[in-house]
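Below, each chain spelled out in residue letters.
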Amino acid sequence: MNSRRNFLKHSTTVALGSMLLPRLANSAPLTRNASYPPIGLELYTLGALMQQDPKGTLQKIAAMGYKELEFPMLPKGSYFGFKPKELATFITDLGMHWRSQLVLGAPVTLGLGYASYNPKTSADSLQIKQMIDSGAANVLPTLQNDCQQVVDEVAAGGVEYLVCAAIPLQTIDELKRAADILNKSGEVCKKAGIQLAYHNHNFEFDEVEGQRSFDYLLNNTDKELVKMEMDL
């Protein structure tokens, strides 16, 4: 005999299926004459591959069918050996589009990656130590110190979105500073025809002195100057 839980599960599945079938029957074929947004790739997910063989990696990405690219945080002045305009041309010739570029919001004193802003595990702490020892935290441009330079570079590459990949948010003072940096950087981006955005993680939904960080950023940044790139 079916348990009550199994009965409810199967009943719900049948009910949902009966609701969806008429809609699917009346919809256009899913694989013919359908218009879909282009599929994009965040190059951060490829790890060191772009550093090892940027041209070959981009060619393989294009062959897989990706159409839009978001580039990870890069050392100052570094675009995998290209000038920004040259990189954009190479990407365009492959049938892709350099849509957005990540940048840090403020200097990192504890290391790289979102874990460094809110270390909770021994692995986070180890990552922080490794980044400090390597000196890598000192070579990445930030909106706070290098905004105009980064904006000029990505504008030369035809990039539409400059995305703040992370910014310290552990105290109320850091929250205030973050909102100020984002608003000022948004103005610089606007003048260059670029849209600034902020990329969230999980820690923006923690409370800082009674305020949820994400809510604070929404309420204290100009909605036209600073958009949100939602990581779900």
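Our subject is the structure listed above.
Residues numbered from 1 in each chain as written. Predicted model: local features only at pLDDT ≥ 70, side-chain atom pairs only at ≥ 80, totals over all residues. Heavy atoms only, no water.

Caption draft 1: Geometry of helix H4 (residues 84-93). The set of residues buried in H4 consists of Pro84, Leu87, Ala88, Phe90 and Ile91. For H4, the buried positions fall inside an angular range of 160° around the axis, keeping them on one side. Set apart from the buried face of H4 by more than 90 degrees, the exposed residues are Lys85, Thr92 and Asp93. At its buried positions, H4 is contacted by helix H3 (54-64), strand S2 (68-71), strand S3 (97-104) and helix H6 (143-156). Looking one or two residues past H4, Gly95 carries a phi angle of roughly 85°, positive in sign. (Buried < 20%, exposed > 50% of the residue type's maximum accessible area, 1.4 Å probe, protein only. Helix = DSSP H or I, 4+ residues; strand = E, 2+ residues; numbered from the N terminus. Arc of directions from axis to C-beta. Contact = heavy atoms within 4.5 Å.)

Caption draft 2: Here's a closer look at the pattern of salt bridges. Enumeration according to the criterion identifies six salt bridges in this entry. Residue Arg99 is joined to Glu68 by a salt bridge in which the shortest nitrogen-to-oxygen separation is 2.8 Å. Pair noted here: Arg99 is in strand S3 and Glu68 is in strand S2, with a separation of 31 residues, a long-range link. Taken together, the salt bridges that share partners define one network made up of Glu68, Arg99 and Glu160. (Salt bridge = Lys/Arg side-chain N within 4 Å of Asp/Glu carboxyl O.)

Caption draft 3: Expanded view of the sheet that holds strand S4 (residues 161-166). Here six strands make up an open sheet; going across it, the order is S1-S2-S3-S4-S5-S8 and the pairing parallel. Two strands bound the open sheet, and with one partner strand each, they are strand S1 (40-42) and strand S8 (226-229). Pairs of neighbouring strands in the sheet enclose a mean axial angle of 25°, with direction left out of account. Pairing of S4 with strand S5 (residues 195-199), which is carried by four bridges, proceeds in the parallel orientation. (Pairing = 2+ DSSP bridges. Axes fitted to C-alpha atoms, helices over the stretch in contact; angles between N-to-C directions.)

Caption draft 4: Examining the environment of Leu217 more closely. Mapped onto the elements, Leu217 comes out in helix H8 (residues 213-220). Classification of Leu217 by relative accessible area gives buried; the value is 0%. Spatially, the C-alpha atoms of Leu217 and Leu175 are 7.5 Å apart, while their sequence positions differ by 42 residues. Beyond its immediate sequence surroundings of up to four residues, Leu217 is in contact with Leu169, Ala178, Ala179, Leu182, Tyr198 and Met228.

Caption draft 5: Fine view of the environment of Glu86. With respect to the element layout, Glu86 can be found in helix H4. Sequence spacing of Glu86 and Gly157 is 71 residues, and the spatial spacing of their C-alpha atoms is 7.6 Å.

Caption draft 6: Expanded view of the packing of H3 against H4. At a minimum axis separation of 10 Å, H3 and H4 run at an interaxial angle of 35°. Regarding H3 and H4, the two cross each other, and that crossing is right-handed. Taking contact as the criterion, the partners of Lys55, Leu58 and Gln59 in H3 are, on H4, Leu87, Phe90 and Ile91. Residue composition of the contact of H3 with H4, grouped by class: four nonpolar, one polar and one charged. (Left-handed = near helix turned anticlockwise from the far one by under 90°. Nonpolar A, V, L, I, M, F, W, Y, C, P; charged D, E, K, R; others polar.)

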